[in-house]
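Here's the letter readout for the chains.
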Amino acid sequence: MSLPDPRHILALPLVLLLGLAACGFTPVYAPGGTGAALYGKIAIQSPEEIKTDNEVNAYLLVRNLEERLGRASGSDYRLDLSLRTRSEGQAITAGNETTRYSIVGVASYSLTRLSDGVIVASGSEDAFTGYSATGSTVETLAGERDANARLMQILADQITARVLTTADLAAAAPTAE
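These numbers were taken from a predicted model, which means no experiment stands behind them.

## Side note on the pairing of strand β4 (residues 119-132)
Here comes step 1: Direction of pairing for strand β3 (residues 98-113) relative to β4: antiparallel, over a ladder of 13 bridges. Within the sheet, the bridge partner assigned to Arg 100 lies in β4 and is Ser 132.
Here comes step 2: Between β3 and β4, which pair antiparallel and follow one another directly, the connecting turn spans 5 residues, one of which, Gly 117, has a positive phi of 75°.

Okay, here's the thing in structure tokens:
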């Protein structure tokens, strides 16, 4: 059995880069990319205004989004959010005691350009985290609080990635005919 020619292996990264450039791929954080165009330009809805069942989670989600997208100094866009979470028992003993829980979260978002009211990105992201309920009450409550914080971090990562990769900043306002 013969090994592949080393020159072909060395040329592979170049071929992949040329293939990505040919399909219109541009890095999000490159100069002129969506990340550079949006950083610090998005007014994220305040936690008090978010439709949610948990105000602490709303605060954590907004904080994590501001870490990733920057706090708006002069906002050109507005990010509206809604958030739902629910707890589900995952591990039940023979004595009918739940020893592990999952927290499932769904965050919907809409990124609107303020100058003309066009929605340039929207969608919904979901994720889950878990925690153990086998320790003391204090340990269980701390685990639940940590699981909620991790869930908000995951949802913020997903929303940021989706907004930066799908936002159509060149979208024109619909014309009235």
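## Regarding the nonpolar core
Here comes step 1: Counting residues in each nonpolar core, the largest one holds 32 residues, and the members touching the most others are Leu 61, Leu 65, Leu 79, Leu 81 and Leu 111.
Here comes step 2: Where this core is concerned, the elements lending two or more residues are β1 (42-44), α3 (55-69), β2 (77-92), β3, β4 and α4 (137-166).

## Overview of α4
Here comes step 1: With 30 residues, α4 should cover 44 Å at 1.5 Å per step; its first-to-last C-alpha distance of 43 Å lies within 8% of that length.
Here comes step 2: Of all the residues in α4, the buried ones are Thr 140, Gly 143, Ala 147, Asn 148, Leu 151, Met 152, Leu 155, Ala 156, Ile 159, Thr 160, Val 163 and Leu 164.
Here comes step 3: Elements that come into contact with the buried residues of α4 comprise α2 (34-38), α3, β2, β3 and β4.

## Re the sheet that holds β2
Here comes step 1: With mixed pairing, 4 strands are arranged side by side in an open sheet as β1-β2-β3-β4. Lying at the two open borders of the sheet, with one neighbouring strand each, are β1 and β4. The mean inter-strand angle of the sheet, taken between neighbouring strand axes irrespective of direction, is 25°.
Here comes step 2: Against the sheet, α3 contacts β1, β2 and β3, and its axis sits at roughly 125° relative to β2.
Here comes step 3: Across the sheet, α4 is in contact with β2, β3 and β4; its angle to β4 comes to roughly 155°.

## Description of the packing of α3 against α4
Here comes step 1: α4 packs onto α3 with a crossing angle of 45° between their chain directions and a minimal axis gap of 8 Å. When the axes of α3 and α4 are compared, the pair comes out oblique. Taken as a pair, α3 and α4 cross one another with a handedness that is right-handed. Where α3 abuts α4, its residues Asn 57, Leu 60, Leu 61, Asn 64, Leu 65, Arg 68 and Leu 69 lie against Asn 148, Ala 149, Met 152, Gln 153, Leu 155, Ala 156, Asp 157, Ile 159, Thr 160 and Leu 164.
Here comes step 2: By residue class, the composition of the contact of α3 with α4 is 10 nonpolar, 5 polar and 2 charged.

## Focus on the side chain of Gln 45
Here comes step 1: In this fold, Gln 45 is placed in the loop between β1 and α3.
Here comes step 2: A residue is classified by how much of its surface remains accessible, and Gln 45, at 13% relative accessible area, is buried.
Here comes step 3: Here the side chain of Gln 45 touches Leu 81 through a polar contact of 2.6 Å, landing on its backbone nitrogen.
Here comes step 4: When residues no more than four places from it in sequence are discounted, the contact partners of Gln 45 are Ile 50, Val 62, Leu 79, Asp 80 and Leu 81.

Thresholds applied
- Residues numbered from 1 in each chain as written.
- Predicted model: local features only at pLDDT ≥ 70, side-chain atom pairs only at ≥ 80, totals over all residues.
- Heavy atoms only, no water.
- Pairing = 2+ DSSP bridges.
- Helix = DSSP H or I, 4+ residues; strand = E, 2+ residues; numbered from the N terminus.
- Core = buried A, V, L, I, M, F, W, Y, C linked by side-chain atoms within 4.5 Å.
- Buried < 20%, exposed > 50% of the residue type's maximum accessible area, 1.4 Å probe, protein only.
- Expected span 1.5 Å × (residues − 1).
- Contact = heavy atoms within 4.5 Å.
- Axes fitted to C-alpha atoms, helices over the stretch in contact; angles between N-to-C directions.
- Parallel < 35°, antiparallel > 145°, perpendicular 65-115°, else oblique.
- Left-handed = near helix turned anticlockwise from the far one by under 90°.
- Nonpolar A, V, L, I, M, F, W, Y, C, P; charged D, E, K, R; others polar.
- Polar contact = N/O pair within 3.5 Å; in protein donor to acceptor, adjacent residues only side chain to side chain.

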